[in-house]
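Structure assessment
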Amino acid sequence: MDVDLWDLAKKKIAEKEEAKRKGETELAEEEERTSWKDERTLLICGGKSSGKTSTILRFVDKNESSRPTTALEYLYARRMRGATKQLCHVWELGGGTRLNNLLKIPITKSTITSLSIIIVVDLTKPHELRNTVEGLLPFAKREVDRSLKELNAEKPREYDELIKEMKHRLENNKEQEACLPFPIPLAFIGNKYDEFQNREPDERRKMCKMMRFLAHYYGATLVFYSSKLETTLAKGRLLFAHHAFGAHLGRSSQTDINKPLFVPVGLDSYSDIGPPPMGDSSFSALRSTQPIDLWWGVFSESFPSQARKSVDTTVIILFHSDKVVDPSLDQRFAEPAVDTLIEQKKRDLEIYIRQKKERSAAEERAAESIRKAQN
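The structure reproduced in this document is the subject of the present report. None of the values given here were measured: they were computed from a predicted structure.

Reading the values: the criteria
- Residues numbered from 1 in each chain as written.
- Predicted model: local features only at pLDDT ≥ 70, side-chain atom pairs only at ≥ 80, totals over all residues.
- Heavy atoms only, no water.
- Helix = DSSP H or I, 4+ residues; strand = E, 2+ residues; numbered from the N terminus.
- Buried < 20%, exposed > 50% of the residue type's maximum accessible area, 1.4 Å probe, protein only.
- 1 Å grid on protein atoms, 1.4 Å probe; cavity = no way out; pocket = protein on both sides within 12 Å on 5 of 7 lines; lining within 4 Å.
- Points joined across faces, edges and corners; volume = space filled by probe spheres on them.
- Nonpolar A, V, L, I, M, F, W, Y, C, P; charged D, E, K, R; others polar.
- Lys, Arg positive; Asp, Glu negative; His and termini not counted.
- Salt bridge = Lys/Arg side-chain N within 4 Å of Asp/Glu carboxyl O.
- Polar contact = N/O pair within 3.5 Å; in protein donor to acceptor, adjacent residues only side chain to side chain.

**Observations concerning unusual backbone geometry**
- The phi dihedral of Ser49 falls on the positive side, at around 60°, and the residue is not glycine.
- Considering the arrangement of structural elements, one finds Ser49 in the loop between β1 (36-46) and α2 (52-59).
- Given a relative accessible area of 52%, Ser49 falls into the exposed group.
- The phi dihedral of Lys192 falls on the positive side, at around 65°, and the residue is not glycine.

**As for empty space enclosed by the protein**
- By the definition in use, this model includes five cavities of 30 Å³ or more.
- Here the largest cavity defines a volume of roughly 70 Å³.
- Along its surface, the largest cavity is lined by 13 residues, and Ala215, His216, Ala220, Val265 and Gly266 are the ones closest to its centre.
- Ranked by the residues each element gives to the lining of the largest cavity, the list is headed by helix α6 (residues 201-217), at three residues.
- In terms of residue class, the lining of the largest cavity is made up of seven nonpolar, four polar and two charged.

**As for the side chain of Arg204**
- In this structure, Arg204 sits in helix α6.
- Despite its burial, Arg204 pairs with no opposite charge, the nearest such side chain being Asp256 at 6.8 Å.
- Within polar-contact distance, the side chain of Arg204 engages the side chain of Asn258 at 3.2 Å.

**Section: the pattern of salt bridges**
- Evaluated as defined, the whole model comprises 12 salt bridges.
- We note a salt bridge from Glu150 to Arg146, for which the minimum N-O separation is 3.4 Å. Of this pair, Glu150 and Arg146 both sit in helix α3 (residues 129-154), four residues apart, which is roughly one turn of the helix.
- Take Glu150: its relative accessible area is 30%, and that puts it in the partly exposed class.
- The exposure class assigned to Arg146 is partly exposed, which follows from its relative accessible area of 32%.
- Notably, a salt bridge pairs Asp268 with Arg212, separated by 2.7 Å at the nearest N-O pair. Here Arg212 lies in helix α6 and Asp268 lies in the loop between β7 (262-263) and α8 (270-273), a separation of 56 residues in the sequence. Neither residue differs from the other here; Asp268 and Arg212 are each classed as buried.
- A single salt-bridge network, built from bridges that share partners, covers Glu143, Arg146 and Glu150.

Okay, here's the thing in structure tokens:
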């Protein structure tokens, strides 16, 4: 029987085209099955040299030597949970409280629904605690409020869901009227516990009570941690997994001052914390009308805050002003090395955003191809 070579060639080409289309469809289906289904953002900030970088590297299992963070650093963590790929964008703010203006980069209306904040404090430097907390929380709160306002204007349904999540997160706290809960998930890490555990009992008692009060007052989780102590690593990793991937924190707590504290949000109370440890010279603090002012007043009697630099004072003034000023534009605070790094990070962020949009567009095209193939 005669064979038409042209017909045979066309048949082979058609088979190859069909196999190619089938392969592309299978690839698109695989990408759809394993695409990022759960993305979160984690912002880690704290006092200068408080151990933020080494803590992050330990959490994400990176064997790198830590170096000082000069501006805003980015890395990511990911894991598989069944067939779901989970991704966490991790931002670290360097410079202690000096670069608060950079908080507006990771805190936006697009990240606010999946954003958590961790503040790292150095337990061995109680005199820096107030400057760290007051130098970061009010400015983070301002950016969070701004982002929530924008989200409510553009996506009211997502805003309502976020408010429901906040209420659910704090439902175990029966003293909310005497607290000032942060709108999004918040945690405090008391770092360098390996050194802190050897301090005088009175210092440890006062620091533990103050940290418990701050966590309860702001609706946060509290963890004492050291990368050098295996006994604290599990709780530190659990905290990171909770905020990065939604792992359950559990219902147990540890409040013994002779052990590393671990208090999930909502599991503490003012009655368990007790009154502030007042001394003979603390009566001036009794004139305070707010609980937070009373506690800071008493705490500062034992651990006076170091004098703030002019940039911190300027930032505090800006927080109480209706006008938002960018300190990076003020020549008094010019630092060429930092400014160069900031510009580089901005460019990196723009590239990342563009790549993410391109990836999302590719996933939509793949999904459209699958729908067409099914029809």
